[in-house]
Amino acid sequence: MTNTSNQENLDAFKGYSMSCFNEKGYYGIDNFHWVMQCVAGCMFMFGSLKFCPSYFTDDFPVLKRNNEYVTLIKGGFGIDKYHKLTRNENEIIAKTYFYEDENKIIANRISKDGNVSFEAEEFDKKEYENFLRGDYHTIDIHIPSNIKYTKEVMFDSYKKALDFYSKYYPEHKIKAIVSYSWLYSPELIEIFDENSNIIKVQKNNILYSSVRPILKHYGIIKSPKENMIASTGFIILSSKKNPKYNDFFYNYIISESNLNKLVSIAASNVSAYPSINPDDLLDLYIPVPTGYELLDDFIANIEPSYETISLNQKENEELTKLRDYLLPLLMNGQIEVK
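Every value quoted in this text rests on a predicted model; they were computed, and no experiment measured them.

Draft legend 1. Local environment of the packing of helix H5 (residues 246–253) against helix H8 (residues 293–331). As a packed pair, H5 and H8 sit with axes 9 Å apart at the nearest point and diverge in direction by 80 degrees. One finds that H5 runs roughly perpendicular with respect to H8. Along its contact with H5, which presents Asp247, Phe248, Tyr250 and Asn251, the element H8 presents Leu295, Phe298, Ile299, Ile302, Glu303 and Tyr306. A per-class count over the contact of H5 with H8 returns seven nonpolar, one polar and two charged.

Draft legend 2. View of the pattern of salt bridges. Per the counting criterion, the structure on display carries 16 salt bridges. A salt bridge links Arg133 to Asp58; its shortest N-O distance comes to 3.7 Å. With Arg133 in the loop between strand E11 (129–132) and strand E12 (137–142) and Asp58 in the loop between strand E2 (49–55) and strand E3 (62–65), this residue pair connects regions lying 75 residues apart in the sequence. Taking relative accessible area as the criterion, Arg133 reaches 9% and is therefore assigned buried.

Draft legend 3. Region of interest: helix H6 (residues 256–268). Its 13 residues place the ends of H6 19 Å apart at the C-alpha level, agreeing with the 18 Å of an ideal helix rising 1.5 Å per residue. Listing the buried residues of H6 in full gives Asn258, Leu259, Leu262 and Ala266. Across the axial projection of H6, the buried residues extend over an arc of 100 degrees, all falling on one side. Opposite the buried face of H6, by more than 90 degrees, sit the exposed residues Glu256, Ser257, Ala267 and Ser268. Buried residues in H6 make contact with strand E15 (206–209), H5 and helix H7 (278–282).

Draft legend 4. The packing of aromatic side chains, seen in detail. A full pass over the atoms with the stated rule returns 20 aromatic pairs. Here the aromatic rings of Phe46 and Phe164 are separated by 4.9 Å at their centres, their planes lie at 45 degrees, and the arrangement is tilted. Of the two residues, Phe46 is situated in strand E1 (residues 44–46) and Phe164 in helix H3 (residues 151–168); the sequence distance between them amounts to 118 residues. By the burial criterion, Phe46 is buried, and Phe164 matches it. Seen from their ring centres, Phe164 and Tyr169 are 6.1 Å apart, and the 50 degrees between their planes marks the pair as tilted. A relative accessible area of 31% places Tyr169 in the partly exposed class. Aromatic rings pair up to connect Phe44, Phe46, Phe51, Phe155, Tyr158, Phe164, Tyr165, Tyr168 and Tyr169 into one cluster. The ring centre of Phe98 lies 5.0 Å from the NZ or CZ of Lys74, which sits over that ring.

Draft legend 5. Structural context of the sheet that holds strand E16 (residues 218–220). Here three strands make up an open sheet; going across it, the order is E16-E15-E18 and the pairing antiparallel. The open sheet has two free edges, formed respectively by E16 and strand E18 (234–237), since each of these has just one partner strand. Each adjacent strand pair in this sheet contributes to an overall mean axis angle of 15 degrees, direction not counted.

Draft legend 6. Geometry of the nonpolar core. Formed by 21 residues in total, the largest nonpolar core has its most connected members in Ile206, Tyr208, Ile253, Ile276 and Leu281. Listed by contribution, the elements that provide at least two residues to this core are E15, E18, H5, H6 and H8. Not counting residues within four places of it along the chain, the set of residues in contact with Ile253 comprises Ile206, Tyr208, Leu237, Asn258, Leu259, Leu281, Leu284 and Ile286. Counting residues in each nonpolar core, the second largest holds twelve residues, with Phe44, Phe46, Met154 and Tyr165 among its members.

Draft legend 7. Main features of the environment of Leu282. Within the secondary structure, Leu282 is located in helix H7. Residues Leu282 and Ile253, 29 residues apart in the sequence, show an inter-C-alpha distance of 9.7 Å.

Draft legend 8. Representation of the side chain of Ser275 within the structure. Assignment of secondary structure puts Ser275 in the loop between H6 and H7. Among the residues examined, Ser275 registers a relative accessible area of 11% and is labelled buried. The residues contacting Ser275, other than those within four sequence positions of it, are Ser210, Val211, Ile265, Ala266 and Asn269.

Draft legend 9. Region of interest: the sheet that holds E2. With mixed pairing, four strands are arranged side by side in an open sheet as E1-E2-E12-E13. Unpaired on one side and paired on the other, E1 and strand E13 (176–178) mark the two borders of the sheet. Geometrically, the sheet is characterised by an average inter-axis angle of 40 degrees between neighbouring strands, direction not taken into account. In this sheet, E12 lies alongside E2 in antiparallel orientation, the contact comprising six bridges. Each residue of the ladder has a partner; that of Cys52, found in E12, is Asp140. The strands that H3 touches are E1, E2, E12 and E13; relative to E2, the one it contacts most, it runs at about 50 degrees.

Rules of the game
- Each chain has its residues counted from 1, running along the sequence as written.
- Totals for whole chains, interfaces and linings use all residues, but because this is a predicted model, local features are given only for residues with pLDDT of at least 70 and pairs of side-chain atoms are given and counted only at 80 or more.
- Computation of side-chain values: all heavy atoms of the structure, hydrogens and water removed.
- Axis geometry follows a simple rule: fit a line to the C-alpha atoms, using only the stretch in contact for helices, then measure angles between N-to-C directions, giving values from 0 to 180 degrees.
- Segments assigned H or I by DSSP are reported as helices when at least four residues long, segments assigned E as strands when at least two residues long, and all are numbered from the N terminus.
- In what follows, roughly perpendicular refers to angles from 65 to 115 degrees, roughly parallel to angles under 35, roughly antiparallel to angles over 145, and oblique to any angle outside these ranges.
- The contact rule is simple, with two residues in contact once any of their heavy atoms fall within 4.5 Å.
- Amino acids outside the nonpolar list (Ala, Val, Leu, Ile, Met, Phe, Trp, Tyr, Cys, Pro) and the charged list (Asp, Glu, Lys, Arg) are all regarded as polar, and Gly is one of them.
- Any carboxyl oxygen of Asp or Glu within 4 Å of a side-chain nitrogen of Lys or Arg constitutes a salt bridge here.
- Buried, partly exposed and exposed residues are distinguished by accessible area as a fraction of the type maximum, computed with a 1.4 Å probe on protein chains only: under 20%, between the cut-offs, and over 50%, respectively.
- By this rule, a helix spans an expected 1.5 Å times one less than how many residues it contains.
- Relevant arc is that of directions from the helix axis to the C-beta atoms, nothing else.
- By convention, a stacked pair of Phe, Tyr or Trp rings (six-membered ring in the case of Trp) has centres within 6.5 Å and planes under 30 degrees apart, an edge-to-face pair has planes over 60 apart, and any other such pair is tilted.
- In this scheme, Lys NZ or Arg CZ marks a charge over a ring once it lies within 6 Å of the ring centre and within 35 degrees of the ring normal.
- One bridge is not enough; two strands pair if DSSP finds at least two bridges between them.
- Residues belong to a common nonpolar core when they are buried Ala, Val, Leu, Ile, Met, Phe, Trp, Tyr or Cys residues joined through side-chain atoms within 4.5 Å.

Treat this as a map of the structure, not an account of what it does.
This is the structure we're talking about:
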């Protein structure tokens, strides 16, 4: 493994700890799968991506017919009204079904955009062959932060990884390169343009953390940095009428009464930790004045305050950079204060 891989493995621990804080409100490491891969030295970096040998999960068998690939799902999973998988019993309106014998498979299909069919379909084994099933050899991808994420970069990394494993691990008959990252969520395509690396943040977007609302991790973006992005752990809201009205909605959303309501909803969620979803924010009652004259007056009065806050933050960032540059010079005697 290269020195680059070693350093990235060490740097990854900081990222895991920060992710734990952002999701749960305390520092720790709960992503033990990738942590153990780092510690055991099983991950190898090729190009900009990291890879480790693995096996395909049997929950999502993939069939092939000529050039057609069909992804299925095993039985017992909940489906919500949007055709998405859910563990929330209150959202489940159907459950997946799976049956297999020597002649056929009956199961729910998952479309390329991530939607699960409500009805199970029958697949004749004379027409469809297994492409990916449980215990098939695969390579899992780990995507380091701050990489140039393009098709060319990815394909170069894929080729180097395949050549490496074919040469040094011939017993690992690789069937596919697999990633379980949320970066590949089909919903992102519906939200942002094809050139987006991930969720791009625009001016006046409202960001609200979907995890532990009691921690008050929210804000409104006034001066987004170039290519500023946000994790899908944040819910992004914006007015359909005009983003300038986000100032009004933001102040209502973060009010104490709405915060208490969201904290209560999160506490009753059946997930591993208190969380909310976009519908919970959209269901909040926000009184809106008739017409837009009052809204325009409100924005005209509050916008200068936000702009002042934004300018002060920029100035603080520049002063911090200047301090970090000058302090070592002062300590080393390279400059002096008169």
